[in-house]
Amino acid sequence: MLKCTINGVALEVKPGTTIIEAMTQNAQRIAHYCWHPGLSVAGVCRLCMVEIQGNPRVQIACNTVITEGMVINNTSDKVKDAVKWGLDFHLINHPLDCPVCDQAGECGLQDQYMEYGQYDSEMAEKKQKKHKVVDLGPTVVLDSERCILCSRCVRFTDEVSKTNELGIFNRGDHAEIGTHAGKKLDNKYSLNTVDICPVGALTSKDFRFKQRVWYLKDAETVCNGCSTGCNVKVYFNKEGLFRIKPVYNAEVNGHWMCDEGRDTYKFVNIGARMTKAHKNGGSSAWVETHAGAMAKEVGLTLKAAAGDQVGLVLTGQHTVEEYESIVSTFINTFKTKNIFHWVNNKESFEAFDGILLRGDKNPNTKGLLQVLEKHGVSATWAQLEEGVKSKKIKHLVVVGPEAAHVYPDLDAKMQFFMTAENVVIMSAAKLPVVEEYKGSNKISTIPLKTFIEKDGTFVNFQGRAQKIKKVTTVVSEALTVSEAATLMAGQNLEIHVATSRELLMPENVRADQVHLESRKKNEFVFNRGRL
Amino acid sequence: MSVVKQKDEKKEWYLLGIVTGLGITMKHLLVNLFNKKKMITLNYPEEKYEYSPRFKGNHVLTVKKDGSIRCTACMLCATNCPAECITIKASEHPDAQVEKYPISYEIDILRCVFCGFCEEACPVDAVRLGPEWQTPGLNGSNFTYDINHLAYRPALKGGVHSVVDDQDRHKAGI
């Protein structure tokens with residue numbers, strides 16, 4: 001270990017650590033654009049200047065390795081001046097696009113300008129005009145004028161995705177980012193370039209102009225797109241979810257996530273959701289009912305039936321806690337071990353693209369298998385097919401997938417389930433099969449909550465259990481699987497009303513304090529967390 | 001609320017006060033009757049008061065020289081609005097130089113408090129508070145003004161031109 005001092009704080013670092021690494025690891029602020037912890041060092045932005053004692057000139061922190069006894073400082077006037085003039089050069093050709101730029105609010109240039117800049121430009125020359133709204137590929141739009149040529153995106157396609165689509169073309173102030181002739185930025189990780197772009201040069205087609213970032217709140221959770229279980233941050237407001245970005249986790253996903261995973265917010269939003277419970281009303285009427293009431297009714301039906309007439313189909317898209325409660329409800333209350341695991345794409349289940357994407361498109365297959373093993377459930381799919389065919393299994397409860405689009409066999413399997421006498425479909429997604437059978441006197445539905453709306457644990461392909469926390473509520477009437485299981489078992493969901501003492505509320509807050517809707521929106525505006 | 005009543009000899013003589021008050025009323029009545037020019041009230045529907053040019057009345061969305069809407073849908077007015085009465089939906093403009101424009105810009109005028117913060121926040125002089133203030137409507141009429149009303153209502157005679165012009169800016173090299 002090497003001893004050094006950064007901004008007056010004595011630190012010990014591993015040999016080979018660069019100054020900027022040491023600073024970011026110890027929560028010291030330093031201006032930088034081109035350096036990214038997941039990429040190689042380029043040293044092109046010249047913004048991470050630090051003063052090293054004994055060295056007459058300021059040095060860049062990203063490419064200077066710490067040596068024994070180094071005394072480093074980036075708060076002196078000399079450093080601030082260097083950063084300020086560095087920033088001036090970055091801003092020479094940068095257009096005044098902030099009002100139309102999607103990055104505004106989380107932009108590196110805005111941040112550094114507010115911290116170090118705040119001056120009028122001293123350039124007498126006109127700004128260099130470059131291409132605007134360049135279609136780089138199916139996911140990304142480029143604005144060359146806004147680009148500061150930090151080369152993060154180029155290094156990303158070289159080093160991480162290894163697809164080498166991007167490059168810097170031309171020289172001097174004509175230099176701009178672009179794709180090589182005839183190529184498109186079209187890989188499964190392309191949207192990471194948008195994340196790492198410190199300015200608004202690369203923007204995501206999906207998120208473009210949907211929301212200003214300061215209207216969005218963020219919260220960390222785990223992606224449920226595949227069994228990798230990348231740690232992600234979801235951005236949402238009261239209208240729903242708008243985008244997903246990766247969060248650093250060295251053991252699981254590093255700094256990145258795939259483009260498919262970024263689409264997982266779409267099935268959470270209300271347009272794609274099953275919002276109401278329905279039951280068949282006897283005379284083939286389709287009656288809307290409350291999800292909890294429906295679950296209780298299903299519980300009564302199942303209790304009245306013999307154990308071997310009841311079956312449960314589970315998918316790998318729910319949390320361990322939910323599996324635990326529904327499996328134990330079926331075993332203990334309904335006295336059946338007819339619990340079946342619906343595997344969506346058997347052929348490509350073990351596929352892996354070498355970076356993050358896995359063929360198993362369920363976040364919690366491992367967790368489901370663990371719970372089934374623990375309860376000694378060994379029913380196979382063949383048994384289900386046989387049981388339904390021979391009319392032995394009459395009541396089938398299907399806990400369907402949240403992300404219906406990753407189930408290519410969804411329709412075929414659903415049609416197969418419909419051959420049973422009474423089918424209860426518990427699903428978060430709107431399913432076409434429900435529309436088809438809605439008057440047929442054999443199907444009832446219970447809306448479920450998605451991974452955004454509940455607490456729980458996902459076990460990823462490594463066997464790593466990752467906790468997720470509730471982020472927001474989209475469909476308030478929907479139940480989690482464990483709530484549904486509790487209600488089916490005939491118990492009630494207790495609503496515990498916390499007293500003010502429990503909430504650690506100050507005693508002088510009136511009990512009838514009004515919480516205005518507008519105040520809540522203001523929270524979105526002002527308390528949306530760190531960028 | 002507790003009021004402390006003070007005993008005062010003078011207050012016992014209230015009749016004097018009433019007579020003085022009636023006297024003042026009579027004075028104004030007579031002045032108004034015989035000297036109408038000095039009357040400080042207006043015969044409202046026929047006579048109207050001229051407000052100063054800085055008066056903050058109903059909103060106007062300005063237009064560019066070609067008549068298209070100036071707003072870039074940056075949402076700063078909606079962010080700044082204390083009454084939260086502005087709703088904007090942004091979209092991609094076919095012209096790459098314009099890039100972003102509002103496909104819907106709505107002001108809920110009944111929620112608006114006419115503070116003028118939207119005008120102040122606007123970076124491109126796209127929204128202004130105009131001189132109009134008589135905008136009654138029948139019960140149930142639409143008080144959510146859309147782009148069509150805000151920018152192209154007949155009273156504006158084809159639209160108010162914005163002072164910030166992109167072409168000029170580009171020529172100046174900004």
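On a predicted model such as this, the values are computed, not experimentally measured, just so you know.

### Section: the overall build of chain A
Next, step 1: The secondary structure content of chain A amounts to 14 helices and 22 strands.
Next, step 2: For the C-alpha atoms alone, the extent of chain A along its principal axes is close to 85 × 65 × 50 Å.
Next, step 3: Looking at chain A residue by residue over its 531 residues, the buried ones come to 45%.
Next, step 4: Partitioning the intrachain contacts of chain A with sequence separation of at least 6 by distance along the chain shows that 67% fall at a separation of at least 24.

### Remarks on the sheet that holds strand β12 (residues 231-237) of chain A
Residues and elements named next belong to chain A.
Next, step 1: The three strands are arranged β11-β12-β13 in an open sheet whose pairing can be described as antiparallel. At either end of the open sheet lies a strand with only one pairing partner, and these are β11 (217-222) and β13 (240-246). Going from strand to strand, the sheet's axes swing by 30° on average, the running direction of each strand aside.
Next, step 2: Looking at chain direction, β12 and β13 are connected through six bridges and run antiparallel. Directly across from N237, in β13, lies its bridge partner G240.

### Side note on the domain arrangement of chain A
Interface size is commonly expressed as the accessible surface area that is lost when the partners come together.
Residues and elements named next belong to chain A.
Next, step 1: Segmenting chain A into domains produces domain 1 (2-90), domain 2 (125-215) and domain 3 (275-488).
Next, step 2: A straight line from the C-alpha centre of domain 1 to that of domain 2 covers 27 Å.
Next, step 3: At the junction of the two partners, domain 1 supplies 10 residues and domain 2 supplies 11 residues.
Next, step 4: Split by residue class, the side of domain 1 that touches domain 2 holds six nonpolar, four polar and no charged.

### Considering the confidence of the model for chain B
Next, step 1: Chain-level statistics for chain B give a pLDDT mean of 89 and a share of 98% at 70 or above.
Next, step 2: Here the prediction assigns the complex a pTM of 0.86, and the interface score ipTM is 0.79.

### So, the interface of chain B and chain A
Next, step 1: Tallying the contact residues gives 17 residues for chain B and 14 residues for chain A.
Next, step 2: Take the side of chain B that touches chain A: its biggest share by element is three residues, from strand β2 (residues 86-92) of chain B.

### Brief notes about the sheet that holds strand β4 (residues 59-60) of chain A
All names here are of chain A.
Next, step 1: Ordered in space as β2-β1-β5-β3-β4, the five strands form an open sheet in which the pairing is mixed. The sheet terminates laterally at β2 (9-13) and β4, the two strands that pair on one side only.
Next, step 2: Note that strand β3 (residues 49-52) and strand β5 (residues 70-73) share two bridges and pair antiparallel. When the sheet's bridge partners are listed, E51 is paired in β5 with N73.

### Some words on helix α2 (residues 77-90) of chain A
All names here are of chain A.
Next, step 1: For α2, spanning 14 residues, the distance from its first C-alpha to its last is 20 Å, which sits close to the expected 20 Å at 1.5 Å a residue.
Next, step 2: Taken together, the buried positions of α2 are V79, A82, V83, G86, L87 and H90. Buried positions in α2, seen along its axis, are confined to an arc of 135° and lie on one side of it.
Next, step 3: Buried residues along α2 sit against β3 and α3 (108-116).

Reading the values: rules and limits
- In this convention, every chain numbers its residues from 1, walking through the sequence in written order.
- Each chain is given a letter, starting from A, and each ligand a number, starting from 1, according to the order in which they appear as written.
- Per-residue local features are limited, in this predicted model, to residues with pLDDT of at least 70; the limit for side-chain atom pairs, both in listing and counting, is 80 or more; totals at the level of whole chains, interfaces and linings are taken over all residues.
- Starting at the N terminus, helices and strands are each numbered in turn, a helix being any DSSP run of H or I of at least four residues and a strand any DSSP run of E of at least two.
- Whether a residue is buried, exposed or partly exposed follows from its count of other C-beta atoms within 10 Å of its own C-beta, namely 20 or more, 12 or fewer, or something in between, respectively; the C-beta atoms are built from the backbone.
- Residues are scored as being in contact if the C-beta atoms we place from backbone atoms lie within 7 Å.
- A pair of strands is considered paired only if DSSP assigns at least 2 bridges between the two.
- Between N-to-C directions, angles span 0 to 180 degrees; the directions come from axes that are lines fitted to C-alpha atoms, helices contributing only their stretch in contact.
- Domain boundaries shown here were taken from an automatic or database domain assignment.
- For this scheme, ten residues count as nonpolar: Ala, Val, Leu, Ile, Met, Phe, Trp, Tyr, Cys and Pro. Four count as charged, namely Asp, Glu, Lys and Arg, and the remainder, Gly too, count as polar.
- Here pLDDT means the predictor's own confidence in every residue, given as a number from 0 to 100.
- Expected span of a helix: the number of residues minus one, times 1.5 Å.
- What the arc describes is the spread of directions from the helix axis to the C-beta atoms.

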